[in-house]
Amino acid sequence: MAKILFTGAFRFPDGDAASLRINNIINILKPYYDEILVAGWEQKNKFLIDDKFYLYNSIKCFPQAELDNNSTTLLEKFGSFIYKGERTLNWIENYLKKDAFEIIVVYNPPALFALQLISLCKKYNIKLILDSTEWYDSNHLPMGRFGLPAIENFIRMHYVYPKISNIISISHYLNNYYAEKSYKFDINQMILPIVLDCQLVVEKPSIDQGINFIYAGNLGKKDNIIDFINYLPTLHQQLNCPILFNIAGVTFSQMRDLLGSENFDTVQTYINCHGRLSRDKVIDLYSKSHFSVLFRDDKRYAHAGFPTKLVESWSMATPVICNPIGDITLYALHGENACIVNDITDVAKFLADVLKNNQYKYMQQQCQKTIDLKLSNKVYSDQLLDFFRRLK
């Protein structure tokens, strides 16, 4: 069958949540295609073969070094932002002079890069697939809602992405948006949430001895965890048992700045800030935690996305404390694999009931059942293969 190239704004093979998604899609497709290549946007490492590529699970990977470049001057930063993806386009054109791709899958590309890639694919008769997983909130971007990144985000979502004929969306919200907005009357679409196979779960510390929580990510952007942190002293008092909130992604110093000194001093004994951790260390924290915490604002970005943290938590048999936003409600069931609340003060009563009724082991089982029956590779493999057969 055909040769496929995966490229776009991800750090292969495990540098971010996006690479986890790309890996899973590749694992589904790999048995059915002649060759799969990856041109991720991670920096080049020291172990490239012929100074060009490295091998990961027998996949040839050609790092493009589009992300994490240390631009110093304002002009360099402007140029790096506007022309992000230029190296990749040059690499693709050079590759096509001596070989061919039948399919290119591009992950959340910048607007200009996407437009140029659309043109290139038409020139070489290549099927182009957009993998769309975000609709960024302008207030979360550098320079705010009137800055250059917000303008670029508006252009890509309203004018560029709808030009692509084959779109994989992470959520029903995005799928519905492209169906209405597309310039094509017969757009080829599918919904693919984050999928992940269950992990080998080690025995967690006994929940009767205290409750460990976990959050791994960027506080103050997509996720609203500050209210839960401030709630910890009250939660401890109401449950009358030890509690500890493990937070990966920020240091104690950064947390003090976020909370203010007075609030930080109040909650410090209930939190452990680990700073940025590798994915392996985050997974280890999940294995030692009883509940993950995930609260998002009721805004477009939350409905358009689908949190990797949710699936990662369930794969480690860790129930989630969350609010009912977007596609989360299609998979999270209160009292089964999750504690779903609109009011954070309801968490204490829920946890007290879990402890009283010895319900935690059951919730762990439901987490892995959710992954196995609703969010694993095997659930979506047939749909994904059918999507690829319909490419336009």
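Residues numbered from 1 in each chain as written. Predicted model: local features only at pLDDT ≥ 70, side-chain atom pairs only at ≥ 80, totals over all residues. Heavy atoms only, no water.

1. Quick word on the sheet that holds strand E4 (residues 59–61)
Next up, step 1: Pairing within the open sheet is mixed, and its eight strands lie in the order E3-E4-E2-E1-E5-E6-E7-E8. Where the open sheet ends on each side, the last strands, each with one partner, are strand E3 (54–56) and strand E8 (188–191). Direction aside, neighbouring strands of the sheet carry axes that sit 20° apart on average.
Next up, step 2: Where strand E1 (residues 3–8) meets strand E5 (residues 103–107), five bridges bridge the pair, whose relative direction is parallel. Residue pairing for E5: Leu5 is matched across the bridge by Ile104.
Next up, step 3: Where helix H3 (residues 86–96) meets the sheet, its contacts fall on E1, strand E2 (35–40) and E5, and the angle it forms with E1 comes to roughly 165°. (Pairing = 2+ DSSP bridges. Helix = DSSP H or I, 4+ residues; strand = E, 2+ residues; numbered from the N terminus. Axes fitted to C-alpha atoms, helices over the stretch in contact; angles between N-to-C directions. Contact = heavy atoms within 4.5 Å.)

2. Let's talk about the packing of helix H4 (residues 111–124) against helix H5 (residues 148–160)
Next up, step 1: Running from N to C, H4 and H5 cross one another at 30°; their axes reach a closest spacing of 9 Å. Taken together, the residues of H5 that come into contact with H4 (itself represented by Ala111, Ala114, Leu115 and Ile118) are Glu152, Ile155, Arg156 and Val160.
Next up, step 2: Of the residues assigned to the contact of H4 with H5, the class counts are six nonpolar, no polar and two charged. (Nonpolar A, V, L, I, M, F, W, Y, C, P; charged D, E, K, R; others polar.)

3. So, the pattern of salt bridges
Next up, step 1: This model, assessed by the stated rule, comprises 18 salt bridges.
Next up, step 2: The partner of Lys123 in a salt bridge is Glu93, with the nearest N and O atoms 3.9 Å apart. With a gap of 30 residues between them, Lys123 in helix H4 and Glu93 in helix H3 connect regions that are remote in the sequence.
Next up, step 3: Under the relative-accessibility criterion, Glu93 is labelled partly exposed at 30%.
Next up, step 4: The structure contains a network of salt bridges with shared partners spanning Lys3, Glu35 and Asp99. (Salt bridge = Lys/Arg side-chain N within 4 Å of Asp/Glu carboxyl O. Buried < 20%, exposed > 50% of the residue type's maximum accessible area, 1.4 Å probe, protein only.)

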